[in-house]
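Results of the structural survey
Residue strings, one per chain:
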Amino acid sequence: MPEALIIGFGKSGVAAARLLKQEGWEVELCDSSTSPTLLEQQQQLASEHITVKLGNTPEFTDSDISKLIVVSPGVPWDIPILAKARELGIETIGEMELAWRNLQDIPWVAITGTNGKTTTTALTAAIFQTAGLNAPACGNIGHAACEVALSPKKPDWIIGELSSYQIESSVTLSPRIGIWTTFTPDHLARHKTLENYYNIKAKLLHNCQIQIFNGDDAYLSKLGLNHWPNAYWTSVKGEKFLIGEKGFYIKNGWVIEKITATPQPIVEVSALRMVGEHNQQNLLMSVAAARLAGIDITAISQAVREFPGVPHRLEHICNWQGIDFINDSKATNYDAAEVGLASVQSPAILIAGGEAKAGDDTAWLAQIQAKAAAVLLIGNAAPAFAKRLQEVGYSNYHIVETMEKALSMSAELAKKHQASVVLLSPACASFDQYPNFEMRGEDFRQLCQKYLEN
């Protein structure tokens, strides 16, 4: 048995293997799947003296001497093999925890939440980088955290997007600044109850020296100062909606900082190119992190003005005969898809579907009734979504199955209904038809471009 075993052969697993190898460990990496790409990577890693076992789930016996198990974010924390390992006293951690152990002398900004994480992380990293800091974005966005740890040049700050999976498997992670963007039911297939899911996120924030919360989030604001007495709160609605004495809010189109007795303006909201109130919330939290890290107003203003937005999150792809095609493939649950639809002009043609997740679809369906002239349904969820639309009395839907059919039909429907927007905002995971939401968004982009050329 190897001294260190890594489960999961994604970007995180490979980076963790290289980092441990560099530290002098005997490393074995295993994954239950196999594919030509993985076989190619297997050979590459073999040349680095890292053993890779594909199509393989390791078994443990009491005589095993594996000293450490590192788990990739996609691997559930409670699978039998990990429970068995912990029972045998084998130290079991996530890839994020391994990175933290190598980078804990550097200050971190850790960003978590159900929705809004990626934009907030990307914008925060952009501000820190504009201020001349070496501040890579990592975790769920950009690099795997262990890739940053492998880099010979140590960063000034680390801006990490952390999912509940990554927090769950991190034992000692304690960032300088923590941001909690939103909280709604998600990943319940994995975490079982809302309370479990909340407690995982809360664990991270409790470990942070400085805490920033989105005060416009219904769930978080209810907890308020009782649960988080020292936190900085934000609100797009103005100073009187601020929870507590200190925080960041919007007034007369400006982001205002209230840390001392005298509030001061930081940046105009209109400087941000991204649409929607949720992006103003993300802006407030990013600015809060930057100010609390000591970054000056000039750098913040410049970074916000130059920030292009995030791929696959309300990303404008093209305009064809007056119709905007928008890629919101990252909307993998009902809440994100509801926000996506609320952020575009109506009437819109909506493309939705994929692999459905558990959750409350009520607000999303109401948004469809208010704004969608027609809905094109793709993937496994199509029949179930069609049934839900029927139940709420919405009949203008079409089951088209594939993205290609959805796209060619969307343009005709947009003309027919004088819709100014075709929006891909799936409200679903992508795994029924694509390896990830990025590939789904790329497919949409390429089909849009092909359509334009024809």
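Presented here is a report on the structure given in the accompanying data block. Everything numeric in this text was worked out from a predicted model, so none of it was measured.

Turning our attention to the sheet that holds strand β16 (residues 323-327). Strand order in the open sheet made by the six strands is β15-β16-β20-β17-β18-β19, with mixed pairing throughout. With partners counted over all chains shown, the strands left at the sheet margins are β15 (315-320) and β19 (397-401), one partner each. When the angles between neighbouring strand axes are averaged without regard to direction, this sheet yields 20 degrees. Summarising the sheet, strand β17 (residues 348-353) and strand β20 (residues 421-424) pair through four bridges and their orientation is parallel. Bridge pairing links A348 to V421 in β20.

Attention now goes to the nonpolar core. Of all hydrophobic cores here, the largest spans 53 residues; its most connected members are W180 and W228. Aside from chain neighbours lying at most four places away, what touches W228 is W180, Y198, A202, L205, H206, Q211, F213, L223 and W233. V109, A135, A271 and I295 belong to the second-largest nonpolar core, a separate cluster that totals 42 residues.

Before going further, it helps to spend a moment on the packing of helix α1 (residues 11-22) against helix α4 (residues 95-103). The description of two helices packed together rests on the angle between their axes and the distance between the axes. Packing of α1 against α4 leaves a shortest axis separation of 10 Å and a crossing angle of 40 degrees. As summarised for this structure, α1 and α4 are arranged oblique, according to the angle between their axes. The element α1 and its partner α4 pack so that their crossing is left-handed. On α4, the residues touching S12, A16, L19 and L20 of α1 are E95, L98 and N102. Tallied by class, the residues present in the contact of α1 with α4 amount to four nonpolar, two polar and one charged.

The next thing to look at is helix α15 (residues 382-391). Those residues of α15 that sit buried are A382, F385, A386 and L389. An end-on view of α15 places all buried positions within 105 degrees of arc, on one side of the element. Opposite the packed face of α15, turned more than 90 degrees from it, sit the exposed residues P383 and K387. Taken together, the buried residues of α15 touch α13 (334-342), β17, α14 (362-371), β18 (372-378) and β19. Once α15 ends, the next one or two residues include G393, with phi positive near 80 degrees.

Burial analysis of β17 places six of its six residues in the buried class, which makes it a mostly covered element. Here β17 shows no split at all, with A348, L350 and A352 on one side and I349, I351 and G353 on the other all buried. In the sheet, β17 pairs with β18 via six bridges, with the strands oriented parallel. Residue pairing for β18: I351 is matched across the bridge by L376. Regarding the hand of the β-α-β motif, the stretch spanning β17, α14 and β18 is right-handed.

Another point: unusual backbone geometry. Residues S346 and P347 are joined by a peptide bond in cis, for which omega reads -5 degrees. With respect to the helices, strands and loops of the structure, P347 is situated in the loop between α13 and β17. Positive phi, normally seen in glycine, also occurs at H49, with a value near 65 degrees. Topologically, H49 is positioned in the loop between α2 (36-47) and β3 (51-54). By relative accessible area, which is 61% here, H49 ends up exposed.

Before going further, it helps to examine the layout of surface pockets. Here the idea is plain: a probe the size of a water molecule rolls over the atoms and shows the empty space left. Size it by volume and the second largest pocket reaches roughly 520 Å³. Forming the boundary of the second largest pocket are 27 residues, of which T182, D217, H278, Q281 and V339 lie nearest the centre. Listed by contribution, the elements that provide at least two residues to the lining of the second largest pocket are α10 (218-227), α11 (277-292) and α13. Per-element accounting of the lining of the second largest pocket gives the leading share, five residues, to α11. Taken together, the residues of the lining of the second largest pocket sort by class into six nonpolar, 13 polar and eight charged.

About the criteria used
- Residues numbered from 1 in each chain as written.
- Predicted model: local features only at pLDDT ≥ 70, side-chain atom pairs only at ≥ 80, totals over all residues.
- Heavy atoms only, no water.
- Pairing = 2+ DSSP bridges.
- Helix = DSSP H or I, 4+ residues; strand = E, 2+ residues; numbered from the N terminus.
- Axes fitted to C-alpha atoms, helices over the stretch in contact; angles between N-to-C directions.
- Core = buried A, V, L, I, M, F, W, Y, C linked by side-chain atoms within 4.5 Å.
- Buried < 20%, exposed > 50% of the residue type's maximum accessible area, 1.4 Å probe, protein only.
- Contact = heavy atoms within 4.5 Å.
- Parallel < 35°, antiparallel > 145°, perpendicular 65-115°, else oblique.
- Left-handed = near helix turned anticlockwise from the far one by under 90°.
- Nonpolar A, V, L, I, M, F, W, Y, C, P; charged D, E, K, R; others polar.
- Arc of directions from axis to C-beta.
- Right-handed = clockwise from strand over helix to strand, strands pointing away.
- 1 Å grid on protein atoms, 1.4 Å probe; cavity = no way out; pocket = protein on both sides within 12 Å on 5 of 7 lines; lining within 4 Å.
- Points joined across faces, edges and corners; volume = space filled by probe spheres on them.

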